[in-house]
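Coordinate analysis (summary)
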Amino acid sequence: MAAGCAASFYDKANGGRATGVSYIDATGEEIIQPADLVILGSWTLNNTRLLLLSGIGEPYNPATGKGVVGRNLTHQISFSPAQAFFDKPLNRFMGSAPAGMRMSDFDGDTFDHSNLPFIRGGTLAGIGTGFQPIVGFGAVPSSVKARWGSEWKKAAVYWYDRVGVVGFAGEHIAYKDHYMDLDPTYKDHLGDPLIRMTIDWKDNERKIVEFAIAKGVELAHAMGAKEVIPAAPYGHYDTRRYQSTHVQGGTIMGKSPEHSVVNTYGQHWQASNLFCDGSFAVCEQWLRESHAERYCLHVPHRGRRDRPLPQASGPSLLTFAHSPKQKATAPSVPARGRHL
Ligand SMILES: Cc1cc2nc3c(=O)[nH]c(=O)nc-3n(C[C@H](O)[C@H](O)[C@H](O)COP(=O)(O)OP(=O)(O)OC[C@H]3O[C@@H](n4cnc5c(N)ncnc54)[C@H](O)[C@@H]3O)c2cc1C
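Cut-offs used in this document
- Residue numbering note: each chain is counted from 1, following its sequence as written.
- Thresholds applied to this predicted model are a pLDDT of at least 70 for local features of residues and 80 or more for the giving and counting of side-chain atom pairs; totals over whole chains, interfaces and linings are not thresholded and use all residues.
- Segments assigned H or I by DSSP are reported as helices when at least four residues long, segments assigned E as strands when at least two residues long, and all are numbered from the N terminus.
- One fewer than the residue count of a helix, multiplied by 1.5 Å, yields its expected span.
- Counts of 20 or more other C-beta atoms within 10 Å of a residue's own C-beta define buried residues, counts of 12 or fewer define exposed ones, and intermediate counts define partly exposed ones; C-beta atoms are placed from the backbone.
- It is the C-beta atoms, placed from the backbone, that decide contacts: two residues are in contact if theirs lie within 7 Å.
- One nonpolar core equals one set of buried Ala, Val, Leu, Ile, Met, Phe, Trp, Tyr and Cys residues connected by C-beta atoms within 7 Å.
- Between any two strands, pairing holds if DSSP finds at least two bridges.
- Helix axes are fitted to C-alpha atoms over the stretch in contact, other axes to C-alpha atoms as well, and angles between N-to-C directions run from 0 to 180 degrees.

All right, on to helix H3 (residues 203-222) then. With 20 residues, H3 should cover 28 Å at 1.5 Å per step; its first-to-last C-alpha distance of 28 Å lies within 8% of that length. Within H3, the full set of buried residues consists of Glu205, Ile208, Val209, Ala212, Ile213, Lys215, Gly216, Val217 and Ala220. On its buried face, H3 is in contact with strand S6 (76-85), strand S8 (122-127), strand S9 (163-171) and strand S12 (227-230). The positive-phi residue at the C-terminal boundary of H3 is Gly224, with phi of around 95 degrees.

What follows is the structure in structure tokens.
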């Protein structure tokens, strides 16, 4: 691990294998690190970007449906369906990340969808992470008409410790026209194209949100809220609004190279010594942890020529032996973004 580095692209899979990583170090010098085994774990957006910059795998084309790199970009429905105002103080200045409760009654296919205009769903939650005095200040119920001044201040002080929210985390399914590609206009400080996301909410997400708002309001009333403010419905996707860090897709996992970038071991279909890890393919940290176990158990096997596993796809499996890093010299370093 070298601090201050930013890998800019991976070497082209050469005859079914990746040959190393090139990056710019803290002094601005370009370094090539040869490797027999490359693990790409730079998070969803960067994983896709680095594969596209490296030319490893066929970029997804939404017009033809061909290609896989960048495909199936999804995010997450994440919002508070209802704000609930209670009679009694909640001591909400206390809390911790896991101090809460999540219910899965309306998640996935666990409930009856026969009269509902959407598929899938999400979880409702009440979570008390601890609300700081300034950040958590200022919520007042609709019955308070003042928006500033002493009347508003008095109400805001009164309601500060009497308000809570019902949370919701819902599914964003994959669509053919939601994908990532290299931006034709915007570049980073090294001149490499940035990643471009093409994504929006569609009717399925908007209907889930409507449903979640109704359930959240119902739940808040059932909890004894004196007043409840429902959330606004979803319009279009908006990157300015914090929407959770659960961005998935782009380098998806699957059973065939026609439909996925990596196999179910995280091994790249075209470069047998290149493994991808992270939230690119498996949503949610806890799912990743179960994936990590499978991954850790199998990467060493797959890195050995003498112990191939049945699902091995590439022409050869390589050892873990590291080579010393090399400073880039003119003949061995192509223009940035080109293949080695
Ligand atoms: C505040 C917060 C709360 C969260 N809560 C939850 C939760 O409750 N439950 C849950 O399931 N998930 C949660 N998540 C999401 C979860 O943490 C992430 O989905 C997960 O950590 C992503 O893992 P990753 O390995 O794909 O990427 P990361 O953990 O982001 O690791 C990628 C690494 O790659 C490095 N990198 C990127 N680009 C380059 C480059 N070009 N060269 C070199 N290095 C590079 C980055 O610096 C980083 O260290 C939360 C995230 C945040 C921020």
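It is worth spelling out helix H1 (residues 43-54) at this point. In this model H1 runs 16 Å from its N-terminal to its C-terminal C-alpha over twelve residues, within 8% of the 16 Å that 1.5 Å per residue would give. Where burial is concerned, most of H1 is hidden: nine out of the twelve residues are buried. All of the buried residues along H1 are Thr44, Asn47, Thr48, Arg49, Leu50, Leu51, Leu52, Leu53 and Ser54. Looking at the buried side of H1, the elements it contacts are strand S1 (6-10), strand S4 (38-40), strand S10 (179-187), strand S11 (193-198), strand S13 (248-250) and strand S14 (274-276). Just past H1, the residue Gly55 takes up positive phi, approximately 70 degrees.

Core analysis: the largest hydrophobic core is formed by 30 residues, its most contacted members being Tyr10, Val38, Leu50, Val69, Val261 and Leu274. Looking at this core, the elements with two or more residues in it are S1, strand S2 (20-24), S4, H1, S10, S11 and S14. The element best represented in this core is H1, accounting for four residues. Apart from residues no more than four positions distant in its own chain, Leu50 is found in contact with Ala7, Phe9, Tyr10, Leu40 and Ser42. One finds Ile77, Phe79, Val163 and Ala212 within the second-largest nonpolar core, a separate group that totals 19 residues.

Although it is not a glycine, Asn72 adopts a positive phi angle of roughly 60 degrees. Among the structural elements, Asn72 can be located in strand S5 (residues 71-74). Although it is not a glycine, Ser244 sits at a positive phi angle of roughly 85 degrees. Tracing the chain through its elements places Ser244 in the loop between S12 and S13.

The strands making up a sheet are joined through hydrogen bonds of the backbone, oriented either antiparallel or parallel. The antiparallel open sheet is built from five strands, whose spatial order is S7-S8-S9-S6-S12. The open sheet has two edge strands with one neighbour each: strand S7 (100-103) and S12. When strand polarity is set aside, the average angle formed by the axes of neighbouring strands in this sheet is 20 degrees. Pairing geometry for S6 and S9, over eight bridges, is antiparallel. Opposite Gln76, over in S9, you have Glu171 as the bridge partner.

Along the polypeptide, Gln76 turns up in strand S6. Considered as a pair, Gln76 and His246 are 170 residues apart in the sequence and their alpha carbons are 6.2 Å apart. Those residues within four positions of Gln76 in sequence are excluded, and the remaining contacts are Ala169, His172, Gln243, Ser244 and His246.

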